[in-house]
Amino acid sequence: MKAGFAPFMNADSKLLILGSFPSVKSRDTGFYYGNPRNAFWKTLANYFGDKIPSTIKEKQDFLTKRKIALWDVVTLCEIHASDDSSIKNFTVADVKWLISVCPIQKIILNGGKAYEIFVKNFSDIGIPYKKLCSTSPANTRFNYKEWHDELSATFGSTQSTC
């Protein structure tokens, strides 16, 4: 069994981004989206017109400043390498607890597996949620515009366009 990360959040987090489960590289680096080929940090940094955070502290400061919480919908599982399709015997994150302690207004689901597990367990959560294309390097059809548009809808303004 592999263990994921605790949620990264603070008392004023308004957006929750839920992935499926940390990749091998993320588990090795000790924080979310640790694979430098994953488009997650580049996408967020480009949207906000900021430099791509590289250290865990820079990533945490980036998220805190923007009131973004991160977690994975699976907290414990059997998984082969970083292959979401191999996830089995898993424990689901207590998302209802997180939204009870943070003023979350929207949930973004990073990819199909996160969405599939989330909907099976939390379709009645009472907070708007949206599935976006995975930022994983394994996703050859990543769509920056989809993320940019959803971040614009969430934060109420447009930022960088490239």
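Heads up: the structure comes first, above all this text.
A few points on the structure.

### Re the packing of aromatic side chains
Then comes step 1: One pass over the full model with this rule turns up 15 aromatic pairs.
Then comes step 2: Here the aromatic rings of Phe40 and Trp147 are separated by 6.2 Å at their centres, their planes lie at 85°, and the arrangement is edge-to-face. A residue pair is termed long-range when its members are at least 10 positions apart, and Phe40 in helix 2 (residues 40-48) and Trp147 in helix 6 (residues 144-155) qualify at 107 residues.
Then comes step 3: Given the relative accessible area of 0%, Trp147 is considered buried.
Then comes step 4: When the ring of Phe48 is compared with that of Phe155, the centres are 5.1 Å apart and the planes differ by 75°; the resulting orientation is edge-to-face. Of this pair, Phe48 sits in helix 2 while Phe155 sits in helix 6; the two residues are 107 residues apart in sequence, bridging distant segments of the chain.
Then comes step 5: Take Phe155: its relative accessible area is 29%, and that puts it in the partly exposed class.

### So, the sheet that holds strand 3 (residues 68-72)
Then comes step 1: Taken in spatial order, the four strands line up as 3-2-6-7 in an open sheet, and their pairing is parallel. Whereas interior strands pair on both sides, the edge strands pair on one side only; in this sheet they are strand 3 and strand 7 (129-132). Shown here is a sheet whose adjacent strand axes are inclined to one another by a mean of 20°, direction ignored.
Then comes step 2: When strand 2 (residues 15-19) meets strand 3, the two strands line up parallel, connected through five bridges. If you follow Leu16 over to strand 3, its bridge partner there is Ala69.

### A word on the side chain of Asn38
Then comes step 1: Tracing the sequence through the fold places Asn38 in the loop between helix 1 (24-29) and helix 2.
Then comes step 2: In this structure the side chain of Asn38 is engaged in a polar contact, spanning 2.7 Å, whose partner is the side chain of Thr135.

Cut-offs and rules
- All chains use their own residue numbering, which begins from 1 and follows the written sequence.
- Side-chain atom pairs in this predicted model are given and counted only at pLDDT of 80 or more, local residue features only at pLDDT of at least 70, and totals for whole chains, interfaces and linings cover all residues.
- The side-chain figures draw on all heavy atoms in the structure; neither hydrogens nor water molecules are used.
- Any pair of Phe, Tyr and Trp rings, taking the six-membered ring for Trp, is counted once the centres come within 6.5 Å. Such a pair is stacked with planes under 30 degrees apart, edge-to-face with planes over 60 apart, and tilted for the rest.
- Numbering of helices and strands starts at the N terminus; helices are DSSP runs of H or I of at least 4 residues and strands are runs of E of at least 2.
- Whether a residue is buried, partly exposed or exposed follows from its accessible area with a 1.4 Å probe, protein chains only, as a fraction of its type maximum: under 20%, in between, or over 50%, in that order.
- Whether two strands pair comes down to DSSP finding at least two bridges between them.
- Lines fitted to the C-alpha atoms define the axes, with helices restricted to the stretch that makes contact. Angles between their N-to-C directions range from 0 to 180 degrees.
- Polar contacts here mean pairs of N or O atoms no more than 3.5 Å apart (in protein, one a potential hydrogen donor and the other a potential acceptor; neighbouring residues in sequence count only if both atoms are side-chain atoms).

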